[in-house]
Structure formats: structure tokens, C-alpha cells
Amino acid sequence: MATLTALTKGGTAWTPQYVESIDMNKCLGCGRCFKVCHRNVLELRPLNEHGEFVDDDDDDDEVLRKVMTIANADDCIGCEACANICGKKCFTHSSADA
């Protein structure tokens, strides 16, 4: 696959870096990345004490914490806004040819 490279308005070359993974051990579930992503790529999901995903409508006693997950990776445009806003550096990105 060829590497997609575009130009910024100022003429600088730019290569999109698409979201590949989120480190759930680092994620605080603050939702800042979710708020900056306007493509519905991310989803906040609850975890139980065993580190297993549970349904949002499950008993609140079963939910230990929430973490961000990648729900729709194919909708990512590679802007890296999620990584730029993340204070815990949870995100891993790569170009389309990686």
C-alpha cells in the first residue's frame, strides 16, 4: 500500500497517523480524547474488577472504572487529536502503510 501524504494549507507535507491502540492500563477514562474526536472512532467502556468489559447497563457495583476503546477504527482520519489531548500518552498511531 502506498503512503498517503498530503499538504497543509501552508504547503508542509503531512502524513496521517491513524489510531492503532489504546493502553488501557494508562487510560483514566477522562473522556477528553472522545470529546475531540468528531468521527466517532472512540467509545468509553466499563471494566469490572477482573479487567473484563461489562455492559453499561450492568449493576454499578460491577463497574470498577471506564476506559477508552477503539470502536470504529475505519473512521479515523489520522489527525492525532486524541493523542495530543491525552495527558497519559495512551495512544499508539501508525501511517496507512504500516
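Worth saying up front: this structure is predicted, and the values here are computed from it rather than measured.

Asks: Which residues make up the nonpolar core, and what values go with them?
Replies: Grouped together as the largest cluster of nonpolar side chains are 16 residues, with contacts concentrated most on I22, C33, L42, M68, C90 and F91. Where this core is concerned, the elements lending two or more residues are β3 (18–22), β4 (42–47), β5 (65–70) and α2 (81–85). Top element by residues in this core is β3. It accounts for 3 residues. The contacts of M68, once residues within four sequence positions are left out, are I22, M24, C27, G31, C33, F34, L42, E43 and L44.

Asks: How would you summarise a negative patch on the surface if you had to cite specific residues and measurements?
Replies: Side chains of E49, E52, D55, D57 and E62 sit close together on the surface and give a patch of like negative charge. Topologically, E52 is positioned in the loop between β4 and β5.

Asks: Account for the environment of G78, naming residues and giving values.
Replies: For G78, the location among the structural elements is in the loop between β5 and α2. What makes G78 buried here is its relative accessible area of 0%. Sequence-distant contacts of G78, that is, excluding residues within four places in its chain, are made with W14, P16, Q17 and Y18.

What counts and how
- Residues numbered from 1 in each chain as written.
- Predicted model: local features only at pLDDT ≥ 70, side-chain atom pairs only at ≥ 80, totals over all residues.
- Heavy atoms only, no water.
- Core = buried A, V, L, I, M, F, W, Y, C linked by side-chain atoms within 4.5 Å.
- Buried < 20%, exposed > 50% of the residue type's maximum accessible area, 1.4 Å probe, protein only.
- Helix = DSSP H or I, 4+ residues; strand = E, 2+ residues; numbered from the N terminus.
- Contact = heavy atoms within 4.5 Å.
- Patch = residues over 30% accessible without salt bridge, like charges linked within 9 Å, V, L, I, M, F, W, Y side chains within 5 Å.
- Areas by Shrake-Rupley, 256 points an atom, 1.4 Å probe, with all protein chains shown as cover.
- Salt bridge = Lys/Arg side-chain N within 4 Å of Asp/Glu carboxyl O.
- Lys, Arg positive; Asp, Glu negative; His and termini not counted.
- Charge placed at Lys NZ, Arg CZ, Asp CG, Glu CD.

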